[in-house]
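# Structural overview for review
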Amino acid sequence: MVTWIALTGLTSAASLVSLTLTGPAAATPAPLEWGEGPLTVAALPRITYVAHRGGAREVPENSMSGLMAAYQRGTAQVLDFDTRLLRDGTPVVFHDETLNRTTFLGGEVRGLDAREWRGVRLRPKDALPGSWRSERPPTVAEVLDRFGGRIVLMLEVKDPRGLGRLAGLIRARGLARSVFVNSNDPEVARRAHRLGLLAQLWRSAEQLRTDRPERWRSYVDLLDVDHRARDADLTRAVRSGIRRVWAHTVVTDAQRDRVLALGCDGVITDAPGRLARAARREAQREARHEARHETQHETRHETQHETRRETQHETRREAPREGQRGARP
């Protein structure tokens, strides 16, 4: 059953307009010329940043406009979103089991079909920076069509029954090496691997206390660990033999620095823009420090060179005098 949630100033569902981001980020990108194929995980940098739900502290989570903004800002190399199934089996982009928290409706997501889904509208948080309007949450097919091959994607399977349908959508678009398929269940990760997908497994800090990640290295492509885990547990994950170990959900510089220092090679964050700005500031500070160091080095070198020149000059001036004194009777 789906119920309307009262909203001051909202007279009818028809008054809800499609979500767009005010400003240039609303523009739809031109189709990407793939060349030999879509962008794949092989193109990811050594340290990768992921916009969790599009960057949920900066944009409306799991929204097309939020994902578009994160994509265009370029502060993350991977876009993350959640998936659920509707009553008719349609995979849609949504996190919660119910509509209550992020939309103007109430009730279970699985209680709707595709036609009814078109009437759902997201409710952006007032605390978000910028100006956002209401939006219909997208289907998984729409997100794959918009971003697939342009940027690496990460989708979480909230309903394992939909894994086969998701695999079909991914493979039909040639994106098997461009989309991580995430779950908290090792068995779902194993199934994703058998379906030819990139298997991601996320684990909580509590789970990591007793996990033995090396058992999963034959079928897990990405281990997604809780940044709050103990140092020993994160270190064990990094040494498990799994190729990629990324940490969630990081929001501060200190959290990022800790997981990177422990060997993680990816950061999943709700605030990719803020972390990117902090990283740029740190790089600028290092550049200024290096410039000062270089200037001091050059100054010392010039001083030493000048001192040697003066010493040599004095030596040349004194040499004849010594010779003259030696010639006297």
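Being a predicted model, the structure only gives us computed values, none of them experimental.

### Topic: the nonpolar core
If you look at the biggest cluster of nonpolar residues, it comprises 50 residues, and the most contacted ones within it are Phe147 and Val225. With 5 residues, the single largest contributor to this core is helix 4 (residues 163-172). Aside from chain neighbours lying at most four places away, what touches Phe147 is Met64, Leu67, Met68, Tyr71, Leu79 and Leu153. Core analysis: the next-biggest nonpolar cluster, separate from the first, contains 11 residues, Val41, Val78, Met154 and Phe180 among them.

### Topic: the pairing of strand 11 (residues 266-269)
Residue alternation in strand 11 divides its side chains into two sets, Gly266 and Ile268 and Val267 and Thr269, and both sets are buried. Bridge count for strand 2 (residues 48-51) against strand 11 is 4 bridges, and the pairing is parallel. Of the residues in strand 11, the one forming a bridge with Thr48 is Gly266. Here strand 10 (residues 244-250) pairs with strand 11 via 3 bridges, running parallel. If you follow Trp246 over to strand 11, its bridge partner there is Gly266. Handedness of the crossover joining strand 10 and strand 11 through helix 8 (residues 253-261) is recorded here as right-handed.

### Things to note about the side chain of Asp82
With respect to the helices and strands, the residue Asp82 is situated in strand 3 (residues 78-85). With a relative accessible area of 1%, Asp82 lands in the buried category. Apart from residues no more than four positions distant in its own chain, Asp82 is found in contact with Arg53, Asn62, Val92, Val93, Phe94, His95, Glu156 and Lys158.

### A closer look at the environment of Val50
Topologically, Val50 is positioned in strand 2. In this structure Val50 comes out as buried when scored by relative accessible area, which is 0%. Once residues within four sequence positions are removed from consideration, Val50 is found in contact with Ala76, Val78, Asp80, Met154, Trp246, Val267, Ile268 and Thr269.

### Focus on the packing of helix 1 (residues 64-73) against helix 3 (residues 140-147)
The contact between helix 1 and helix 3 brings their axes to 11 Å, and the two run at 20°. When the interaxial angle is binned, helix 1 and helix 3 end up roughly parallel. At the point where helix 1 passes helix 3, the crossing takes the right-handed sense. Across the interface between the two elements, Met64, Leu67, Met68 and Tyr71 of helix 1 pack against Glu142, Val143, Arg146 and Phe147 of helix 3. A breakdown of the residues in the contact of helix 1 with helix 3 according to their chemical character gives 6 nonpolar, no polar and 2 charged.

### As for the confidence of the model for the chain
The share of residues in the chain with pLDDT of 70 or more is 80%, and the mean pLDDT across the chain is 86. For the chain, strand 1 (residues 3-4) is the element with the lowest average pLDDT, namely 51, and strand 9 (residues 222-226) is the one with the highest, namely 99. In the model, residues 5-33 has pLDDT below 50 throughout and makes 55 contacts with residues more than four positions away in sequence or in other chains. Segment residues 322-329: pLDDT under 50, and 0 contacts once partners within four positions in sequence are set aside and those in other chains are kept.

### What to know about the pairing of strand 9
Of all 5 residues that make up strand 9, 5 are buried, and the element is covered over most of its length. Side chains Leu222, Asp224 and Asp226 of strand 9 all project onto a buried face; the interleaved residues Leu223 and Val225 project onto the opposite face, where all are buried too. Looking at chain direction, strand 8 (residues 198-203) and strand 9 are connected through 4 bridges and run parallel. In the strand pairing of strand 9, Trp202 is matched with Asp224. For the crossover that starts at strand 9, traverses helix 7 (residues 231-238) and ends in the parallel strand 10, the hand is right-handed.

So, how was this worked out
- Residues numbered from 1 in each chain as written.
- Predicted model: local features only at pLDDT ≥ 70, side-chain atom pairs only at ≥ 80, totals over all residues.
- Heavy atoms only, no water.
- Core = buried A, V, L, I, M, F, W, Y, C linked by side-chain atoms within 4.5 Å.
- Buried < 20%, exposed > 50% of the residue type's maximum accessible area, 1.4 Å probe, protein only.
- Helix = DSSP H or I, 4+ residues; strand = E, 2+ residues; numbered from the N terminus.
- Contact = heavy atoms within 4.5 Å.
- Pairing = 2+ DSSP bridges.
- Right-handed = clockwise from strand over helix to strand, strands pointing away.
- Axes fitted to C-alpha atoms, helices over the stretch in contact; angles between N-to-C directions.
- Parallel < 35°, antiparallel > 145°, perpendicular 65-115°, else oblique.
- Left-handed = near helix turned anticlockwise from the far one by under 90°.
- Nonpolar A, V, L, I, M, F, W, Y, C, P; charged D, E, K, R; others polar.
- pLDDT = per-residue confidence, 0-100.

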